[in-house]
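Each chain, written out:
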Amino acid sequence: MNFTICFLCRRNGGKWLVKYPSVKACPGEVTRLEGEWGAWLVSSRQAGAAVPHLIEAARTVDALTAALKAHHYKKALQIVQAFLIQHVKKTENNINQQLIS
C-alpha cells in the first residue's frame with residue numbers, strides 16, 4: 001500500500017477521523033497530518049479538541065492560541081511552562097558550552 005497516496009486521500013477528502021494505517025511508515029507525514037487536523041478542528045470551532053493534535057505536531061504557538069480560545073487556561077499555562085523549561089535548558093546548555101571553550 002502506498003502510504004503517501006493514503007495520506008493525500010485523507011487530507012484532500014477531509015477524512016480526519018480515519019485512523020492512519022501505520023505511524024511508523026512515514027512519521028513526518030503523520031506529524032504534518034496532526035497539524036492539519038488540529039488546524040481544521042480550530043476552524044470548525046473545536047479549539048479544545050485541537051490542542052493535543054497541535055502539541056503532537058510541535059505547533060506550540062497554535063496550541064497555546066487554541067487553548068486560550070477554548071478557555072482552557074490551565075492547559076495554556078502548562079504549554080507556556082513546558083516552553084519556558086525547554087528554553088531555559090537550551091540557554092543553560094549554550095552557556096555551559098561557552099564556559100567550557
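Residues numbered from 1 in each chain as written. Predicted model: local features only at pLDDT ≥ 70, side-chain atom pairs only at ≥ 80, totals over all residues. Heavy atoms only, no water.

Labelled according to an unreviewed UniProt entry, the chain appears under the name (African queen) hypothetical protein, originating from Danaus chrysippus.

Draft legend 1. How the structure looks around the packing of helix α4 (residues 60–69) against helix α5 (residues 73–100). With their axes 8 Å apart at the nearest point, α4 and α5 run at an angle of 160° to one another. The angle between α4 and α5 falls in the class roughly antiparallel. Of the two possible hands of crossing, α4 and α5 adopt the one that is left-handed. Every residue of α5 that contacts α4 at Thr 60, Ala 63, Leu 64, Ala 67 and Leu 68 is listed here: Tyr 73, Ala 76, Ile 79, Val 80 and Phe 83. Classifying every residue of the contact of α4 with α5 gives nine nonpolar, one polar and no charged. (Axes fitted to C-alpha atoms, helices over the stretch in contact; angles between N-to-C directions. Helix = DSSP H or I, 4+ residues; strand = E, 2+ residues; numbered from the N terminus. Parallel < 35°, antiparallel > 145°, perpendicular 65-115°, else oblique. Left-handed = near helix turned anticlockwise from the far one by under 90°. Contact = heavy atoms within 4.5 Å. Nonpolar A, V, L, I, M, F, W, Y, C, P; charged D, E, K, R; others polar.)

Draft legend 2. Representation of helix α2 (residues 27–43) in the model. When the terminal C-alpha atoms of α2 are compared, their 24 Å separation across 17 residues agrees well with the 24 Å that a helix rising 1.5 Å per residue should span. Residues of α2 that are buried include every one of Glu 29, Val 30, Leu 33, Glu 34, Gly 35, Trp 37, Gly 38 and Leu 41, and no others. Where α2 terminates, the next one or two residues include Arg 45, which has phi positive at roughly 60°. (Expected span 1.5 Å × (residues − 1). Buried < 20%, exposed > 50% of the residue type's maximum accessible area, 1.4 Å probe, protein only.)

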